[in-house]
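Okay, here's what each chain looks like letter by letter:
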Amino acid sequence: MDKVLGKRSALAGPYVIWAVGFTVIPLVVIIKYAVFDRSGAFTLANILSIFAPVHLKALIFSLEIALGCTLVCILLAYPLVLAISRLKFARSGMMLVILILPMWMNFILKLLAWQMILSSNGVLNLIIRSLGFAEFDISNTPLSIMIGVIYEYFPYMVLPIYDAVTAIDEDVIEAARDLGAKKATVFWRIVFPLSLPGLMSGITMVFVPSMTSFVTADILGGGKLQLVGNIIEQEFIHSMNWNLGAGLSVALMIFVLISMTFTINKDEREEEEAW
Amino acid sequence: MVEKARAFISRLYILLIILFLYAPIAVLIILSFNDSRSRVVWGGFTFKWYVTLLHNSQIRSALGMTFLLAFLSAFVSLVIGTAAALGIYSMKKRNHRLMMMITNIPMLNADIVTGIALMLWIIQFMPLGFGSVLIAHITFNIPYVILAVMPKVRTMNISIYNAGRDLGAGPLRAFFELMLPQLSGGMISGFFMAFTMSMDDFVITYFTKGAGINTLSTMIYGEIKKGIKPEIYALSTIIFVLVLVILMIANSMPAAEGTKRMGRQGD
């Protein structure tokens, strides 16, 4: 054991094997499926079909949904984090419990509940009607998909930002106040910059899943509005065209990688600082 | 005065967010007491779905499968992931970065890509079923454990272990009694994160499960078109109340809060 601990890197052995076997090789396999057609000939058509009009439309729609939802999550999260950190310690702990608790409810059930709330004869319209306003129907619109996605991933934005903000040394903020900084200055010059690592991991955790969550689009989009995830799912489950499905998956992966490069770079720099 | 107004606005904002977060949950809880099978008609108050829930073998087996998968995958991930965090930390810089990059893949990749890639690979050597879902869950869970344990490894005091060895503790005993306790905070949160992720997963399970087995998520998804059984609402209400109670107890334990605070400063 001492020898193992002396060369402690050996402890990572099982994980290295697992990661190669079930993270790296599957990626190689999916790429292999993507670059061959059904007859077994090499082709880039599967990957490039992401640029076919129907697929491109879904990709752009996914991107719009993901960007919109990530932005709204950020805008909703900061005031919440600041409001929670104003509370006394015991209460802020309770607030975190309140925030985490809904995550234990099955997300498909929660989406179905949103469907009921947002539908034309749903709860929301009942309230609106009883207040004397004209009812409006937002079911099966991009807006209702966005509400579902924001609902699903909002806690993933709040928690890392909250962690980063509460880790800020109170004395730094006190010092700034003593030196005459206004509240806005304190936020933009101290709190916000120091919360960036949390914001970055929040963006990562919200942006990617909101681009591809095909169940949300299924339930709240009424099957007509398709995210890129819906198209991939259909190729695999209904059309059984695995090569095309794999090609679109690889295209999606490349796309996500490109859009995340910025965030990863940021993370790595921090990693180095931590060393 | 300004301070009071600020406090009021921030409370109001918290309240609105809570309303947003709990609106669908309130709907589900209300439906669990609805005497009509319809989702839009209120047919009066009833407890009957809670009773029939007990006799519904389909739900029971899906629930059992969900918990079994969550527990097994979280446990295996805890063992492999904790060892991995210790190992990766002591690697040379280049290998360290390579391994952290690979660890990030399942977290950065879209679930649908992870699920499909695993499915395409696993069917080459075994049929889809419990085994393939378990492999898939362990695969996406290990990174959560590594990321939770790694900060504790960074701040761990290795001299305690060495001192124990010098004073005659066996290597195994020193490892379990002097090294692991220093990591326990990260291990516990890693385990629960993995457990939660496994319970909550739909997409990866959907693509790797094959026919015949169902978790709660895949069972519910399959029922969307036929109509959700009201027993499901009853079950999720029970789970909700259970988790609420557990979280309240955990939150009110002063000792737990103390360690949480310390952990935060240590990070």
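Reading guide: rules and limits
- Residues numbered from 1 in each chain as written.
- Chains lettered and ligands numbered in written order.
- Predicted model: local features only at pLDDT ≥ 70, side-chain atom pairs only at ≥ 80, totals over all residues.
- Helix = DSSP H or I, 4+ residues; strand = E, 2+ residues; numbered from the N terminus.
- Buried ≥ 20, exposed ≤ 12 C-beta atoms within 10 Å, placed from the backbone.
- Contact = placed C-beta atoms within 7 Å.
- Nonpolar A, V, L, I, M, F, W, Y, C, P; charged D, E, K, R; others polar.
- pLDDT = per-residue confidence, 0-100.
- Bend = angle between axes of the 7 residues up to and from the residue.
- Axes fitted to C-alpha atoms, helices over the stretch in contact; angles between N-to-C directions.
- Parallel < 35°, antiparallel > 145°, perpendicular 65-115°, else oblique.
- Left-handed = near helix turned anticlockwise from the far one by under 90°.
- Expected span 1.5 Å × (residues − 1).
- Core = buried A, V, L, I, M, F, W, Y, C linked by C-beta atoms within 7 Å.

Enquirer: Provide a residue-level description of the overall build of chain A, including the pertinent values.
Expert: Regarding its fold elements, chain A presents 13 helices and zero strands. Going from N to C terminus, chain A has its helices and strands arranged as α-α-α-α-α-α-α-α-α-α-α-α-α. Considering only C-alpha atoms, chain A reaches an extent of 75 × 75 × 35 Å along its principal axes. Within chain A, the proportion of its 275 residues that are buried is 41%. Sequence separation of 24 or more characterises 70% of the internal contacts of chain A that already satisfy a separation of 6 or more.

Enquirer: I'd like to hear about the overall build of chain B, residue by residue, with values.
Expert: A count of helices and strands for chain B gives 12 helices and zero strands. Mapped from its N terminus to its C terminus, chain B presents α and β elements in the order α-α-α-α-α-α-α-α-α-α-α-α. With respect to the principal axes defined by its C-alpha atoms, chain B has extents near 70 × 70 × 35 Å. Considering only residue pairs separated by 6 or more positions, chain B has 77% of its internal contacts joining residues 24 or more positions apart.

Enquirer: How would you sum up unusual backbone geometry? Please name residues and give values.
Expert: Excluding glycine, most residues fall at negative phi; most peptide bonds, likewise, are trans. All names here are of chain A. Of note in this structure, M240 is not a glycine but carries a positive phi near 55°. With respect to the helices and strands, the residue M240 is situated in the loop between α12 (228-237) and α13 (242-274). With 10 C-beta atoms packed within 10 Å, M240 lands in the exposed category.

Enquirer: Lay out the interface of chain B and chain A in plain terms, naming residues and giving numbers.
Expert: Between chain B and chain A, the residue contacts involve 64 residues of the former and 66 residues of the latter. Top element by residues in the side of chain B that touches chain A is helix α1 (residues 2-32) of chain B. It accounts for 12 residues. Counted by class, the side of chain B that touches chain A contains 48 nonpolar, 10 polar and six charged residues.

Enquirer: Give a detailed account of the confidence of the model for chain A, specifying residues and quantitative values.
Expert: Overall, the predicted model of chain A reaches an average pLDDT of 83, with 92% of residues at or above 70. Low pLDDT, under 50, characterises residues 269-275 of chain A; the stretch is placed with one contact to residues that sit more than four places away or in other chains.

Enquirer: Go over helix α8 (residues 171-200) of chain B with me, naming the residues and quoting the values.
Expert: Roughly 55° is the biggest bend found in α8(B), and it falls at B:S184. If you check which residues of α8(B) are buried, you get B:A174, B:L183, B:G186, B:M187, B:G190, B:F191, B:A194, B:F195, B:S198 and B:M199.

Enquirer: Give me the lowdown on the packing of helix α4 (residues 53-86) of chain A against α1(B), citing residues and values where you can.
Expert: Two numbers describe how α4(A) lies on α1(B): the axes approach to 9 Å, and their chain directions differ by 120°. Between α4(A) and α1(B), the angle falls in the class oblique. Considering the relative orientation of α4(A) and α1(B), their crossing is left-handed. Note on element contacts: α1(B) touches α4(A) through B:S10, B:Y13, B:I14 and B:I17, opposite A:P79, A:L80, A:A83 and A:R86. Residue classes in the contact of α4(A) with α1(B) are distributed as six nonpolar, one polar and one charged.

Enquirer: Hey, could you go over the packing of helix α3 (residues 57-89) of chain B against α8(B) for me, with residue numbers and the actual values?
Expert: Residue and element names in this part refer to chain B. Interhelical geometry of α3 versus α8 gives an angle of 145° and a closest axis separation of 8 Å. Seen from above, α3 lies across α8 with right-handed handedness. Residues T66, L69, A70, F71, S73, A74, S77, L78, G81 and T82 of α3 touch α8, and the partners they reach there are L183, M187, G190, F191, A194, F195, S198 and M199. Residues of the contact of α3 with α8, tallied by class, amount to 11 nonpolar, seven polar and no charged.

Enquirer: Provide a residue-level description of helix α11 (residues 230-252) of chain B, including the pertinent values.
Expert: End to end, α11(B) covers 33 Å across 23 residues, agreeing with the expected 33 Å (1.5 Å per residue, within 8%). Considering only its buried residues, α11(B) is in contact with α6 (107-118) of chain A together with α1, α2 (48-55), α3 and α10 (216-223) of chain B.

Enquirer: Can you lay out the environment of B:L183 for me, pointing to particular residues and giving the numbers?
Expert: Residue and element names in this part refer to chain B. As for its position among the elements, L183 is in helix α8. Take L183: there are 21 C-beta atoms within 10 Å of it, and that puts it in the buried class. Taking C-alpha positions, L183 is 28 Å from N109, a pair spaced 74 residues apart along the chain. Those residues within four positions of L183 in sequence are excluded, and the remaining contacts are T82, V149, K152, V153 and M156.

Enquirer: How would you explain the confidence of the model for chain B if you had to name every residue and give the values?
Expert: Residues and elements named next belong to chain B. Per-residue confidence for chain B gives a mean pLDDT of 85; residues scoring 70 or more make up 94%. The secondary structure element of chain B with the lowest average pLDDT is helix α12 (residues 254-266), at 43, and the one with the highest is helix α9 (residues 203-208), at 92. Under a pLDDT of 50 for its full length, residues 255-267 has, in the predicted model, eight contacts with residues more than four places off or in other chains. Listed scores for the predicted complex are pTM 0.85 and ipTM 0.84.

Enquirer: Hey, could you go over the nonpolar core for me, with residue numbers and the actual values?
Expert: In terms of nonpolar packing, the biggest core is built from 141 residues, with A:V158 and B:I116 touching the most fellow members. Ignoring sequence-local partners within four residues, the contact set of A:V158 consists of A:A77, A:L80, A:V81 and A:L99.

Enquirer: Hey, could you go over the environment of B:I88 for me, with residue numbers and the actual values?
Expert: Along the chain, the position of B:I88 falls in helix α3. Along the chain, B:I88 and B:Y144 lie 56 residues apart, while their C-alpha atoms are 14 Å from each other. For B:I88, the residues in contact, after removing those within four places along its chain, are A:A12, B:H96, B:M99 and B:M100.

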